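Descriptive analysis of the structure
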Protein chains: 2
Amino acid sequence: MIKRRKTRQIRVGGVRIGRGAPVSIQSMTKVETVDVGRTVAQIKRLEDAGCEIVRIAVKTPADTDAIRVIRKRIKIPLVADIHFYYRLALRAIAAGADKIRLNPGNIRKEEEVAAVIKAAKKAGIPIRIGVNSGSVVTRLPCHHVTRLQDRTSALVNAALRYVKLFEKHDFRDIIISLKSSDVVSTVEAYEAMSERCDYPLHLGVTAAGPYDAGIVKSSIGIGALLLKGIGDTIRVSLTADPVEEVVAAKRILSAIGARRFGPDLISCPTCGRCQVDLAGIVRELAQKLSSVNRQLPTKPLTIAVMGCEVNGPGEAREADIGVAFGRDSGMLFERGKILRKIPASKAVGELVKLITTYEVD
Amino acid sequence: MIKRRKTRQIRVGGVRIGRGAPVSIQSMTKVETVDVGRTVAQIKRLEDAGCEIVRIAVKTPADTDAIRVIRKRIKIPLVADIHFYYRLALRAIAAGADKIRLNPGNIRKEEEVAAVIKAAKKAGIPIRIGVNSGSVVTRLPCHHVTRLQDRTSALVNAALRYVKLFEKHDFRDIIISLKSSDVVSTVEAYEAMSERCDYPLHLGVTAAGPYDAGIVKSSIGIGALLLKGIGDTIRVSLTADPVEEVVAAKRILSAIGARRFGPDLISCPTCGRCQVDLAGIVRELAQKLSSVNRQLPTKPLTIAVMGCEVNGPGEAREADIGVAFGRDSGMLFERGKILRKIPASKAVGELVKLITTYEVD
């Protein structure tokens, strides 16, 4: 339904990005990289949650040494996040990093960038040109209209300068990000960039904040771009457990129909019509369906749990499995057909039974 | 920055919708309408959270009687949600409802709609044509591409049929919603409708599900439309406390820069570079800034709390108030200028002090 922008394709380890590849999910570790035990443990949790590419901060030579050890103990590709010191990129490449992220805001000298390009080319790994609002702009309060436009151009121009440099050195194994801490300039920067190159784009709203507010900013920014067909890999930034970033990323991709990661739960907000504890039923079912503490098999099902006769029967009928409640019982549906009447108290059990036995076409 | 679609303007009680009016926030009660005490108490909580228009389910004549009592005890306009029985709309109008919502999916006879139109016109109140996927479509599993297009047209056609009827009866005090339980057809339906009429649009993704997933679907659906300039009032549907719907709505409007409701918190996701407990600092600060349990004055400030020297100083400098941490201390910024170095342990206190004394231009 959504026509995706045509891009080149790059490979990060075994993961393809761009030109028809599924939009991949990234995250980043939040423990000290030299603490290999904790770093690996966090990456294992991210892998289990569905993270497909993971990035680590590389701020010292010791961090580059850690890359060798970490990489052997994880399954997904490892990206080295480099700032300020191009020599760390050279060391990270030598240590086996699957991708390098460079920040045009803090590694500016052509000869330094050229040295990294040369090493990446030799190693056959891609480089992300990762621009962030905090690294490229100065004193542009983000709530001011004119200055927001300045912010957008600052992001795009920083990326374009780097792209030109990379192309001059005949390197096109590039992926680009233009993350702003505000949603509007993030969306505008990616839109502008999507028209000016065919490199795949890594989407994200940077420093989006704590979980509840960050998820709103990330959903709008990443979601609006994906709906326009823009974006090849995504990272949700939250001041929270990185596993939450992966879960949110899966929810965004599911919501726009780009990928499916198990059941999609449709449930009404309830209102004065609702005669059962729908919120309680939904809470219990959602916990059982949770991708983190998974208690049920993962199937790409749509499950509707609806509280009354207004939209209930319609949504329940359209879903793969559904229940539409009336006074204290509900009508159970499967594949559009009524199965039977069930009491509200047995709803979760009955739904779980159906989900477990449902055979996806 | 976002050019808003030009619409007619309608009035719901004292709230204007459309043609330049601020995008307003709606919610709906989730207790039995005849239980006037609980209904009023829930509306008071919604008012305190920032809800600007509230809807109640009207399913019996007793519910319409409750309207008279409820309306006297609340400050915001009251909308009667009517399904199946047009006579309930007539009674709700007589009882003083500030707006009626009709569902084209379950009140279909022209003479019935005409009777409601006549009463609304006499009372001088608007009507929302509220279409929902659960009421108009049958057996169109929402994950199937072709059927999603069918769903979009079903929503739009149901609304257009009603609009034609209303215009035939010379009634244009209309607002329209086309809520689907999937994001893509919601966005497409509103886009299509926005090109076919100049009535204001009430945005929402219906039955978006429990909090965590629902907030993602609602943010993408409502956010993507608002970014296109479409939408004049919004309702976030969550299977959760309705106060959460209002908080989420405020977050969506803030994120796209449509309105401001107090501070916007920018904070980095942290990574291996971060040397302080940034998540803890942000959690404590976010609680103090929370619009629900507000402990601090509401000011439209951007506050950046950043964990390292990469994007920290940039974001902190651009924010109204910011702190960029290093090893165990942080640099405090106000209006782009460095104030002083502070220890991480005092960060929340120092930020709170600055927020309290900050004078907004």
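Residues numbered from 1 in each chain as written. Chains lettered and ligands numbered in written order. Predicted model: local features only at pLDDT ≥ 70, side-chain atom pairs only at ≥ 80, totals over all residues. Heavy atoms only, no water.

This next bit is on the overall build of chain A. Counting its secondary structure elements, chain A contains twelve helices and 15 strands. Compactness check: chain A gives a C-alpha radius of gyration of 23 Å against a globular reference of 21 Å for 361 residues, within 12% of the reference. Seen through its C-alpha atoms, chain A measures out along the principal axes to roughly 75 × 50 × 35 Å. Looking at chain A as a whole, 65% of its 361 residues qualify as buried. Taking as baseline every contact in chain A between residues at least 6 positions apart, the subset at least 24 positions apart corresponds to 64%. Put simply, chain A shows about 13300 Å² of open surface, and 48% of that area lies on carbon and sulfur atoms. Charge separation in chain A, taken as the distance between the mean sites of 58 positive and 38 negative side-chain charges, equals 4 Å. (Helix = DSSP H or I, 4+ residues; strand = E, 2+ residues; numbered from the N terminus. Rg over C-alpha atoms; globule rule 2.2 N^0.38 Å. Buried < 20%, exposed > 50% of the residue type's maximum accessible area, 1.4 Å probe, protein only. Contact = heavy atoms within 4.5 Å. Areas by Shrake-Rupley, 256 points an atom, 1.4 Å probe, with all protein chains shown as cover. Lys, Arg positive; Asp, Glu negative; His and termini not counted. Charge placed at Lys NZ, Arg CZ, Asp CG, Glu CD.)

A few words on the interface of chain B and chain A. Taken together, the contacts link 89 residues of chain B with 90 residues of chain A. In this assembly, chain B and chain A are joined by six salt bridges. One salt bridge in this structure joins R151 of chain A and E315 of chain B, with 4.0 Å as the shortest N-O distance. Counting across the interface, chain B meets chain A through 28 residue pairs in polar contact (both at pLDDT 80 or more). Considering each element in turn, the side of chain B that touches chain A owes the most residues, eleven residues, to helix 8 (residues 211-227) of chain B. Within the side of chain B that touches chain A, the residues separate by chemical class into 42 nonpolar, 26 polar and 21 charged. (Salt bridge = Lys/Arg side-chain N within 4 Å of Asp/Glu carboxyl O. Polar contact = N/O pair within 3.5 Å; in protein donor to acceptor, adjacent residues only side chain to side chain. Nonpolar A, V, L, I, M, F, W, Y, C, P; charged D, E, K, R; others polar.)

The subject of this paragraph is unusual backbone geometry. What is expected of a backbone is that most residues other than glycine have negative phi and most peptide bonds are trans. Residues and elements named next belong to chain A. Positive phi, close to 40°, is recorded for R19, a residue that is not glycine. Within the secondary structure, R19 sits in the loop between strand 2 (15-17) and strand 3 (24-28). Residue classification places R19 among the exposed positions, given a relative accessible area of 56%.

Our next topic: the nonpolar core. Note that soluble globular proteins tend to have their nonpolar side chains buried in a common cluster. The biggest cluster of nonpolar side chains holds 170 residues, and the ones touching the most others in it are I100 and I176 of chain A together with I100 and I176 of chain B. Non-local contacts of I100 of chain B, meaning those with residues more than four positions away in its chain, are made with V79, A80, I82, A89, A92, I93, I125, P126, I127 and R128 of chain B. (Core = buried A, V, L, I, M, F, W, Y, C linked by side-chain atoms within 4.5 Å.)

All names here are of chain B. When the terminal C-alpha atoms of helix 4 (residues 110-123) are compared, their 20 Å separation across 14 residues agrees well with the 20 Å that a helix rising 1.5 Å per residue should span. Where helix 4 is concerned, the buried positions are E112, V113, A114, V116, I117 and A120. G124 occupies a position one or two residues after helix 4 and carries a positive phi of about 70°. (Expected span 1.5 Å × (residues − 1).)

It is worth spelling out the domain arrangement of chain A at this point. The domains assigned to chain A are domain 1 (10-255) and domain 2 (264-357). A separation of 39 Å is found between the C-alpha centroids of domain 1 of chain A and domain 2 of chain A. (Domains from an automatic or database assignment.)

Once that is clear, we can look at the confidence of the model for chain A. The predicted coordinates ought not to be read in detail in places where the model reports low pLDDT. Mean pLDDT for chain A: 94, with 95% of residues reaching 70 or above. Scored as a complex, the prediction yields pTM 0.96 and ipTM 0.96. (pLDDT = per-residue confidence, 0-100.)

Residues and elements named next belong to chain B. Relative to the helices and strands, A158 is located in helix 6 (residues 145-168). Sequence spacing of A158 and G105 is 53 residues, and the spatial spacing of their C-alpha atoms is 7.3 Å. For A158, the residues in contact, after removing those within four places along its chain, are P104, V131 and V136.

Let's shift gears to the packing of aromatic side chains. Under the counting rule described, the total for this entry stands at six aromatic pairs over all chains. A centroid spacing of 5.5 Å and a plane angle of 35° characterise the contact between Y162 of chain A and F166 of chain A, whose relative ring orientation is tilted. Of this pair, Y162 of chain A and F166 of chain A both sit in helix 6 (residues 145-168), four residues apart, which is roughly one turn of the helix. By relative accessible area, Y162 of chain A is classed as buried at 4%. The exposure class assigned to F166 of chain A is buried, which follows from its relative accessible area of 0%. Aromatic pair F84 of chain B and Y85 of chain B: ring centres 6.2 Å apart, planes at 55°, arrangement tilted. (Phe/Tyr/Trp six-rings, centres within 6.5 Å; stacked < 30°, edge-to-face > 60°.)

The next subject is the sheet that holds strand 11 (residues 264-267) of chain A. Residues and elements named next belong to chain A. Reading across the sheet, the five strands line up as 11-12-13-14-15 and stay open at both edges, with mixed pairing between neighbours. Unpaired on one side and paired on the other, strand 11 and strand 15 (337-343) mark the two borders of the sheet. Strand-to-strand, the axes of this sheet are offset by a mean angle of 20°, without reference to chain direction. (Pairing = 2+ DSSP bridges. Axes fitted to C-alpha atoms, helices over the stretch in contact; angles between N-to-C directions.)

Next up on the list: the relation of the copies chain B and chain A. Once chain B is rotated about the relating axis by 180° and shifted along it by 0.0 Å, it coincides with chain A to within an RMSD of 0.0 Å. Such a combination of rotation and displacement between the chain copies is what one expects of a two-fold axis. Counting the interface residues of chain B, we find that 100% of their copies in chain A are interface residues as well, pointing to one common contact surface. (Least-squares fit on C-alpha atoms with pLDDT ≥ 70 in both.)

Turning our eyes to something else, we now look at a negative patch on the surface. Taken together, the side chains of D212 and E244 of chain A together with D212 and E244 of chain B define an acidic patch exposed on the protein surface. Relative to the helices and strands, D212 of chain B is located in helix 8. (Patch = residues over 30% accessible without salt bridge, like charges linked within 9 Å, V, L, I, M, F, W, Y side chains within 5 Å.)

A pair of packed helices is captured by two measures, namely the crossing angle of their axes and the spacing between those axes. Residue and element names in this part refer to chain A. Where helix 1 (residues 36-49) contacts helix 9 (residues 242-255), the two axes come as close as 9 Å, and the packing angle between them is 20°. Between helix 1 and helix 9, the angle falls in the class roughly parallel. Here helix 1 runs over helix 9; the crossing is right-handed. From helix 1, Q42, R45, L46 and A49 reach across to helix 9, where they touch P242, V243, V246 and K250. Its residues assigned to classes, the contact of helix 1 with helix 9 comprises five nonpolar, one polar and two charged. (Parallel < 35°, antiparallel > 145°, perpendicular 65-115°, else oblique. Left-handed = near helix turned anticlockwise from the far one by under 90°.)

This part takes up the pairing of strand 14 (residues 329-334) of chain B. All names here are of chain B. As paired elements, strand 13 (residues 321-325) and strand 14 share five bridges and run antiparallel to each other. Bridge pairing in strand 14 places A324 opposite M331. Between the end of strand 13 and the start of strand 14, which pair antiparallel, lie three residues. Direction of pairing for strand 14 relative to strand 15 (residues 337-343): antiparallel, over a ladder of six bridges. Counterpart to S329 in the pairing with strand 15 is P343. Where strand 14 folds back onto strand 15 in an antiparallel hairpin, the turn is made up of two residues, including R335, whose phi is positive at roughly 50°.

Our next topic: the side chain of R55 of chain A. All names here are of chain A. Along the chain, the position of R55 falls in strand 4 (residues 53-58). You can call R55 buried: its relative accessible area is 5%. A distance of 2.8 Å separates polar atoms of two side chains, one belonging to R55 and the other to D81. In contact with R55, other than residues within four places in its own chain, are S27, M28, T29, V79, D81, R101, R128, K179 and R235.

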